[in-house]
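# Tertiary structure, described
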Amino acid sequence: MGKVKLATAWLDGCAGCHMSLLDMDEDLVGIASAVEFTRSPITDIKDFPEVDVGLVEGAIGNVAHEEEVRELRKKCKILIVLGDCACFGGIPSMRNRFSKEEVLRRAYIESESTKDGKIPSSPEIPPLLEQALPVGAVVKVDCFVPGCPPNARAIKYALTELLQGRIPVLPGEMMRFD
Ligand code: SF4
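### Brief notes about the nonpolar core
Residues M24, I80, V145 and L159 are the most contacted members of the largest nonpolar core, which totals 22 residues. Secondary structure elements with two or more residues in this core: β1 (4-10), α1 (16-22), β3 (51-57), β5 (76-82), β7 (143-145) and α6 (152-163). When residues in this core are grouped by element, the largest group, six residues, is from α6. Ignoring anything within four residues of it in the chain, the contact list for V145 reads I80, V81, L82, G83, C87, P150, A154, A158 and L170. Of all hydrophobic cores here, the second largest spans 19 residues; its members include F48, I60, C87 and V139.

Here is the structure:
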């Protein structure tokens, strides 16, 4: 059997979920022998090829995130969301109590460290969505791996299940964070 092709996306998140993926330490060696990493912040490959598995970190906060996750959904057979931001909106969704204009004004004009602030308006900056959304609000998700970040054991479990041909369903003890 050939290697399972995997792509990962980093949306509105802090990179902690990707760090947790790397935190599998020596187990990464076993995973890497069965998995081919394609587009990912880890590889810096720019385009999504057709893949078996897509992993997403982060909420959907702007137009570029939305395009990226729709593209990955089209290109992958199974989509896994990693971490509370991707699963539920997480920290990025704390801004949802305010309007987009209020959020931009607070960040770029009213922050305590800003003098003569200005809201950036370059066309190269993807516009914010009105609200930060969990991935499942935009595309179909096949497996949720929550946590902030999800622990490496849960990520390893999900990947191992996939390599055995099963859609991962995390056991209850991996969903407890107390
Ligand atoms: S779930 Fe936590 S670790 Fe992952 S991107 Fe969000 S804030 Fe960072």
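Moving on, there is more to tell.
### Let's talk about unusual backbone geometry
In this chain, C148 is followed by P149 through a cis amide linkage whose omega measures -5°. Phi at D25 is positive, roughly 50°, even though this residue is not glycine. Its place among the elements puts D25 in the loop between α1 and α2 (27-34). According to the relative accessible area criterion, D25 is partly exposed, its value standing at 49%.

### Things to note about the environment of T43
Tracing the chain through its elements places T43 in the loop between β2 (35-37) and β3. The exposure class assigned to T43 is partly exposed, which follows from its relative accessible area of 30%. Residues T43 and T8, 35 residues apart in the sequence, show an inter-C-alpha distance of 9.6 Å.

Conventions used here
Residues numbered from 1 in each chain as written. Predicted model: local features only at pLDDT ≥ 70, side-chain atom pairs only at ≥ 80, totals over all residues. Heavy atoms only, no water. Core = buried A, V, L, I, M, F, W, Y, C linked by side-chain atoms within 4.5 Å. Buried < 20%, exposed > 50% of the residue type's maximum accessible area, 1.4 Å probe, protein only. Helix = DSSP H or I, 4+ residues; strand = E, 2+ residues; numbered from the N terminus. Contact = heavy atoms within 4.5 Å.

Function cannot be read off these values alone, since they describe shape.
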